[in-house]
Amino acid sequence: MATVLQSRTTSENDSANDTIPDKYSPCNNTNIKAFSRVFLPTLYSIVFIVGFIGNCLVVCVLVKFQKKSNMSDVCLFNLVLSDLLFLLSLPFWAHYALTSQWIFGSFMCCTVMAFYTLGFYGSIFFMILMTIERYSVIVHTQTSLFSKHRSVRASIALVLFMWTLSLGASLPNIIFSQVNNKVWTCSLEYPKGTKWRSFSYMELNILGLIIPLSVMLFCYSRIIPILMTMKSQKKHRAVRLMLVLVSVFFLFWTPYNIVIFLKFLQYLGYMHTCEWDNDLNMAMQWVETIAFCHCCINPIIYAFVGQRFRKLFLRILKEWFPLCFGRFRTTESEFSMRTNNTVRPPDIQ
């Protein structure tokens, strides 16, 4: 979630000096800093605990039961890995927000930012790949790249390609992350006189919202009419899931990207009053809350909503906690019927 990284590290670096970036005059942001020291560590801790538990449960289900994984499961697995990478950075950011000092050194500054940005872009790109996979399988069934005969090769190639894209998109933040030992900060320090900061703002908006939302709207607008024509009792649940995917992504990330765009305009010289600066910094705290929670919701949207996955999840709980979940019955025959069914597309029931 590099959008969070860009805005937060910039904001914190500015707060450390009680100034607005670049050509702006000094402003009093003491109240915002005090609010951040309480609000952000609490938020990061909750998101880390909930998201880590949820995503680890998804990994357990995929590793334990999916002996013959399809492309959708491969995408889900890598999506979960992306979210876990992002979540691993949160304890460091929580301590940083609480103390306003980076005590972990230069290497960990680069490493944590790498986890942070790789997790964000990986989550976005694998979500796009899952959407395209569903579109290909449902709309172009006969010519789908993800057909059974080519799924293994396609999976390996596409997974490597997506991680390469994620690394490429993350490199500027990794390269320009620096520790300032005088004020004990870990932030992005772009070379003066370059367009890297402007490029970073545009990259965040384009890769973080415009492209994924456009792909999802296009693909699902083609998928839903086809599902509605299927003579299946599960089609309405599948349609609802498609609408939830688009709606949740839009609701969680649009406010955040709007604030990012306003910060970009501020960097260009617009809205550079102290009132605007304080309002945008405070707004960033709240839209962060929504954006961060998306990695906790991912396991629910992509996994637990699916009937097949939910049964496997209950099987794990029954094995681990037989006294609490012994009344749930999920047999091997039920699992076999679900996995051998080739009429419905995977992971949308």
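The chain has the name G-protein coupled receptors family 1 profile domain-containing protein in an unreviewed UniProt entry, where Tachysurus vachellii is given as its organism. Turning to the chain, the UniProt record has this under Sequence similarities (unreviewed entry): "Belongs to the G-protein coupled receptor 1 family." Per UniProt, the chain carries the Subcellular location (unreviewed entry) text "Cell membrane".

Points about the environment of Ser187
Topologically, Ser187 is positioned in strand 2 (residues 185–188). Put simply, Ser187 and Cys110 are 77 residues apart on the chain and 9.5 Å apart in space, counted from C-alpha to C-alpha. At 3.1 Å, the side chain of Ser187 and the side chain of Glu189 are in polar contact.

Side note on helix 3 (residues 71–99)
Along its 29 residues, helix 3 runs 43 Å from first to last C-alpha, staying within 8% of the 42 Å computed at 1.5 Å per residue. Ser100 occupies a position one or two residues after helix 3 and carries a positive phi of about 60 degrees.

Here's the deal with the packing of helix 3 against helix 4 (residues 105–139)
Helix 4 packs onto helix 3 with a crossing angle of 155 degrees between their chain directions and a minimal axis gap of 8 Å. In terms of orientation, helix 3 and helix 4 fall into the roughly antiparallel class. In this structure, the crossing between helix 3 and helix 4 has a hand that is left-handed.

Re the nonpolar core
Within the largest apolar cluster, 89 residues are counted, with the highest numbers of intra-cluster contacts made by Tyr44 and Trp93. Of all the elements, helix 4 adds the most residues to this core, at 16 residues.

Some remarks on a nonpolar patch on the surface
A contiguous nonpolar patch, built from Trp196, Phe199, Met202, Ile206, Ile210 and Ile211 and spanning about 520 Å² of accessible area, is present on the exposed surface. Among the structural elements, Met202 can be located in helix 6 (residues 196–229).

Regarding the UniProt feature "transmembrane region" (unreviewed entry) in the chain
Those residues carrying the UniProt feature "transmembrane region" (unreviewed entry) are residues 43–63, 75–96, 102–132, 152–179, 199–220, 241–265 and 285–305 in this numbering. The span residues 75–96 carries 100% helix and 0% strand; its end-to-end C-alpha distance comes to 32 Å. Secondary structure content for residues 241–265 is 100% helix and 0% strand, and the end C-alpha separation is 36 Å.

Observations concerning the packing of aromatic side chains
Geometry of an aromatic ring pair is reported as the spacing of the ring centres plus the angle between the planes. A full pass over the atoms with the stated rule returns 22 aromatic pairs. Through a chain of ring-to-ring contacts, three or more aromatic side chains come together here, namely Tyr44, Phe86, Phe92, Trp93, Tyr96, Trp102, Phe104, Tyr116 and Phe292.

Basis of the calculations
Residues numbered from 1 in each chain as written. Predicted model: local features only at pLDDT ≥ 70, side-chain atom pairs only at ≥ 80, totals over all residues. Heavy atoms only, no water. UniProt positions renumbered as here; feature names shortened; annotations may be inferred. Helix = DSSP H or I, 4+ residues; strand = E, 2+ residues; numbered from the N terminus. Polar contact = N/O pair within 3.5 Å; in protein donor to acceptor, adjacent residues only side chain to side chain. Expected span 1.5 Å × (residues − 1). Axes fitted to C-alpha atoms, helices over the stretch in contact; angles between N-to-C directions. Parallel < 35°, antiparallel > 145°, perpendicular 65-115°, else oblique. Left-handed = near helix turned anticlockwise from the far one by under 90°. Core = buried A, V, L, I, M, F, W, Y, C linked by side-chain atoms within 4.5 Å. Buried < 20%, exposed > 50% of the residue type's maximum accessible area, 1.4 Å probe, protein only. Patch = residues over 30% accessible without salt bridge, like charges linked within 9 Å, V, L, I, M, F, W, Y side chains within 5 Å. Areas by Shrake-Rupley, 256 points an atom, 1.4 Å probe, with all protein chains shown as cover. Salt bridge = Lys/Arg side-chain N within 4 Å of Asp/Glu carboxyl O. Phe/Tyr/Trp six-rings, centres within 6.5 Å; stacked < 30°, edge-to-face > 60°.

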